[in-house]
Amino acid sequence: MEFFRFSRDIPFMSWRRVAAVISITTFILSVFFIATRGLNFGVDFTGGTVLEVSYEQTADLNRIREILAGMDMTDVTVQNFGTSRDVMIRLPVIPEYSSAQLSETVLDALREADSTVEMRRVEFVGPQVGQELLENGALALLFVSLGIVAYLAVRFEWKFGIAGIIANLHDVIIILGFFAFFQWEFSLTVLAAVLAVLGYSVNESVVIFDRIRENFRKLRKVPVKDVINNAITRTMARTIMTHGSTQMVIISMLLFGGEVLYYFALALTIGIWFGIYSSIMVASSILILFGVKREDLLQPEEKKPENDGAVV
Amino acid sequence: MNRYPLWKYLIIAVSLLLGLLYTLPNFFGESPAVQISPLRMATQADTGLLQRVETTLANAGIDSNGLFLEEGSIKVRFEDTDTQIKAKDLLQSTLGDDYMIALNLLPNSPQWLTELGALPMYLGLDLRGGVHFMLEVDMEGAVSKTLDRHSNDIRSTLREKRISYAGVERLGDTLTVKFRDAESRSQALDELRTTYEDLLFKEEQTNNRFNLTASIRPEAMIQMQDSTVQQNITTLRNRVNELGVAEPIIQKAGADRVIVQLPGVQDTAKAKEILGRTATLEIRMVDEERDLDAALQGRIPFGTELYEERGSGPILVKKQVLLTGDRITDAQPGFNEDNQPAVHIRLDNNGAQIFKKLTRENVGRRMAILLIERNQAEVVTAPVIREEIGGGRVQISGRMTTMEARDVSLLLRAGALAAPMDIIEERTVGPSLGADNIARGFNSTLYGFVAVAIFIMVYYMAFGVISVLALSLNLLLLVGLLSILQATLTLPGMAALALTVGMAIDANVLINERIRDELRAGVSPQLAISAGYERATGTILDSNITTLIAGIALFAFGSGPVKGFAVVLCLGILTSVFTAIFVSRGMVNYMYGSRRKLEVVPIGKIWIPKTDNTRKQFKYAFPQESVVAATESTASPQAQNNKSAAAKAEPVTGNRAGKDTETGSSSETEAIPEESQSSAASENKPEATDNQPQKSTRVRGKRKQTTRKGKKK
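Quick caveat: nothing in here was measured; it's all calculated off a predicted structure.

S.K.: Would you mind showing me how to read the overall build of chain A here?
M.R.: Helix and strand content of chain A: 10 helices and 6 strands. The dimensions of chain A, computed from C-alpha atoms along their principal axes, are 90 × 45 × 45 Å. The burial tally for chain A puts 59% of its 312 residues in the buried class. Within chain A, contacts between residues at least 6 apart in sequence are counted, and of these 79% link residues at least 24 apart. Working note: accessible area of chain A is about 12,900 Å², and carbon and sulfur atoms make up 61% of it.

S.K.: I tried to follow a negative patch on the surface on my own but got confused; where do I start?
M.R.: A cluster of acidic residues, E337, D338, E387 and E388 of chain B, forms a negative patch at the surface. Tracing the backbone through its elements, the reader meets D338 of chain B in the loop between β17 (328-335) and β18 (341-347).

S.K.: Please clarify how the packing of helix α5 (residues 127-155) of chain A against helix α7 (residues 188-218) of chain A should be interpreted in this entry.
M.R.: Each pair of packed helices can be summarised by the angle the axes make with each other and by the distance between the axes. Residue and element names in this part refer to chain A. One way to put it is that α5 packs onto α7 with a least axis distance of 11 Å and a crossing angle of 10°. Between α5 and α7, the angle falls in the class roughly parallel. In contact with L133, G137, A140, L141, V144, S145, I148, L152 and R155 of α5, α7 contributes L188, L191, L195, L198, G199, V202, V206, F209 and R213. Residues that form the contact of α5 with α7 fall into these classes: 13 nonpolar, 3 polar and 2 charged.

S.K.: Got a minute to help me understand helix α6 (residues 158-182) of chain A in this structure?
M.R.: Given 3.6 residues per turn, any residue in an α-helix points the same way as the ones three and four places further on. Taking 1.5 Å per residue as the helical rise, α6 of chain A with its 25 residues ought to reach 36 Å, and the 36 Å between its terminal C-alpha atoms agrees with that figure. Positive phi shows up at Q183 of chain A, right after α6 of chain A, with a value of about 55°.

S.K.: Help me understand the sheet that holds strand β21 (residues 393-397) of chain B, please; the structure alone is not making it clear to me.
M.R.: Across a sheet, strands are paired by hydrogen bonds formed along the backbone, either parallel or antiparallel in direction. All names here are of chain B. If you trace the 3 strands from one edge of the open sheet to the other, you get β17-β18-β21, paired in antiparallel fashion. Two strands bound the open sheet, and with one partner strand each, they are β17 and β21. Averaged over all adjacent pairs, the angle separating strand axes in this sheet is 20°, with direction ignored. Pairing of β17 with β18, which is carried by 7 bridges, proceeds in the antiparallel orientation. Opposite Q332, over in β18, you have H344 as the bridge partner.

S.K.: Is there a simple way to explain the pattern of salt bridges in this structure?
M.R.: For side chains bearing opposite charge, pairing can occur when the charged atoms are close. In total, this model carries 28 salt bridges over all chains according to the counting rule given. Notably, a salt bridge pairs E52 of chain A with R121 of chain A, separated by 2.7 Å at the nearest N-O pair. Taken together, the positions of E52 of chain A in strand β2 (residues 48-54) and R121 of chain A in strand β5 (residues 118-125) put the pair 69 residues apart, joining distant regions of the chain. Here E52 of chain A matches R121 of chain A in class, with each residue buried. A salt bridge links E132 of chain A to R257 of chain B, with the shortest nitrogen-to-oxygen separation between them at 2.7 Å. With E132 of chain A in helix α5 and R257 of chain B in strand β12 (residues 257-263), this residue pair bridges two chains. One continuous salt-bridge network, built from bridges that share partners, spans D44, E52, R121 and E123 of chain A together with E425 and R427 of chain B.

Cut-offs applied
- Residues numbered from 1 in each chain as written.
- Chains lettered and ligands numbered in written order.
- Predicted model: local features only at pLDDT ≥ 70, side-chain atom pairs only at ≥ 80, totals over all residues.
- Heavy atoms only, no water.
- Helix = DSSP H or I, 4+ residues; strand = E, 2+ residues; numbered from the N terminus.
- Buried < 20%, exposed > 50% of the residue type's maximum accessible area, 1.4 Å probe, protein only.
- Contact = heavy atoms within 4.5 Å.
- Areas by Shrake-Rupley, 256 points an atom, 1.4 Å probe, with all protein chains shown as cover.
- Patch = residues over 30% accessible without salt bridge, like charges linked within 9 Å, V, L, I, M, F, W, Y side chains within 5 Å.
- Salt bridge = Lys/Arg side-chain N within 4 Å of Asp/Glu carboxyl O.
- Lys, Arg positive; Asp, Glu negative; His and termini not counted.
- Charge placed at Lys NZ, Arg CZ, Asp CG, Glu CD.
- Axes fitted to C-alpha atoms, helices over the stretch in contact; angles between N-to-C directions.
- Parallel < 35°, antiparallel > 145°, perpendicular 65-115°, else oblique.
- Nonpolar A, V, L, I, M, F, W, Y, C, P; charged D, E, K, R; others polar.
- Expected span 1.5 Å × (residues − 1).
- Pairing = 2+ DSSP bridges.

In structure tokens:
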């Protein structure tokens, strides 16, 4: 079986103006949404308390809201979580209650109203911890970016490093844009997914860069643009196969992974599809923009060692 | 060419075996158990205790599924949780307070596996249920507590030395001692400097006021911070023992934080209460005149109380409290002049004065040190006073072992928290959610794996089957590795496990696509396999290293669940590179490498661009052309000008392939000389054979050069 039958190179690079428009638009939109709507940070980053409880019958959300309102708690979100029997309650940091008391007090009140309530999960994060987690996340992002640039610069050349990281940060911003636009909850797990995407979609660029280098070596007279087109076309099958496989696993995660893994899988999905796009269109276009040359990768011909007697 | 020496197969076999061995315990499940561990260092879990537990259970008619001594505690396995709880209650009442009786789950794996160190994966709290707390030590509180104590001490020192002063004040992190004249100030400075080594004194003069400011030295501050956190950890550990948690984790995190993890704890309210509790130490006198026996029978004399002395019998203690624990600044185990184990206690200035008076009046009598926690008091130790003790340095010795000395000093230090602590992070997972999470993670991985496996097998046929086998081995090794390392597996960790399946297949796809590429170019099957693997390897390494960078960063900066994700991601990358490159190649070599005439590579039907005609329009695309291009650049300048050189490429024949097989592994290591040779080769030679080895090792040719000579025939 073979899905991909390219009898000629696909002229990807001649579409790079279109790609530039698409990229810049989505990028600006993403930045716009992040700036205006902001990310819906989870309790990991904002600090506060999350309670997940489950009832034997369908939970009465209004009743729960009333109970909480009766306790003078404002700014509380009560919503179903997964099934209609599971409820998630988000409470902000309340100065009057110490962290330890808050969840117990609420649980006691809920238990009084309905004894079948079962505590599934309590998460409390102090405001200073949230701030730190956010800082650490940003630091990790920076570290990964620098690491990747450095690796690509050593393994290929600095132009490749920069092109690779711009393409991939572009993916990260777009993932964040999606999360801002839909106001999906951005938790620590999602951050992990975003960083994993950064590492993963660089794979894509690396595979194409590898082919470009190989082509530079072999197709000495061919214009750079065609070298890149050829490299992309010939890695196309692998791209689709690999990402198809990864996507299958992620779909399985979306279906069976429960709520915690849902947004994680969602972030990966966006990351994968934009990762494909950006390595094909963005990374390579930037390479051309930087004026990548054959000489960037290939050292001038070294003097070959004398034929030391190797035979075929 | 496609052959592995025996040792390579052996490596594969051994890794498979190890993977299986260490993955095995994960399939046996766990059974309820009770764990009995001694609470004090002085008491030990030994065969005597084992016997005692055994007879206790037998007398009560409770059946156990085996009981054994392991790592300083006794573990008893039971059929079901009902028996487990019954046994726990029984043991609790029989064995008393000296032992911690905790409910636990023990792996069901057979003895020989456990003896090999093969344990099931260590599940994180989100999978097994339990409580995670992060507590922050209130350092400001600790500093002000210390300064307050110092300000009292300074007052009494100055009074004692008859140096007149106008007052001692605490302002934030500094103490200000006020004097009326410079003379008394300098006198005080000399005195205080020698007494208070931890303080930094500075003279200050404003508006006719002679001040001395004191602040804690930075190095003393660091030391204080360390010992404060350490002391709090010790206290917490003692308290957690009371909760009866089988495998609590209490560790320092950062400069002033402590992480407490209590797997399986349901009653979070109780856990919080116990962690936040305060304890006190008291020094009182032992009443030796009154009748202990009468007291034991219930007639406790007036003004005394009956307590249990640790490691010995009941003791009668006077009610009057002479000294409280907050006067103790430090307690360390050590030895006395006669080289007997001893506990060295340091008291603060006021405490020292009280103690001096106390010992002077009570030489020859016994004093008792009591630890009071939640209205339960216990005599930690009751030494005899031999002489008057001044200077605040007390040494308790006699009739104790080094272990007891350690125990006592620890208790004296840790009886109370050194500084208040706040819970700044809490993550509690109920047991039902934990079980659900395991199912979620497992199902995601399972169904993801099945989908990928079917897809790859259909698409790549026999090579797909090999890829899937390699992928299974990858999972096996990963789970085995996680079991060996006992790294904490969390739900995001299980997500990483699933993701590893999706990402590891990338390496196999790269290889298989490369082989197809080669075959499409008309290369002979054996050569195509060899070249496919060789050329994909560099790419696989490159792309995995970038993911590894991300994984390492996540591990370094991540906390809790994210760390769990990072660990599995990083390990998964390592195992997948190993299985995809090394193991799958091994399988291919084993199945196809020995066949002299391999007609087809069973890698699915390959589509080949049709005629030469098409290829002419098709500028630089496929390997035949690239081969010519490579040759022409090194060989014939005139061909470089010939743009249609590609079209001239002769149909590739596999007629030299046989030769390659004959030369065995040397063919893939002849990269560089091959190149020079091929440049000399005329163009009408069949290109593929000349250039094939060159292509396959170009990237890594130089490294291989060193091994070439040894292999040459």
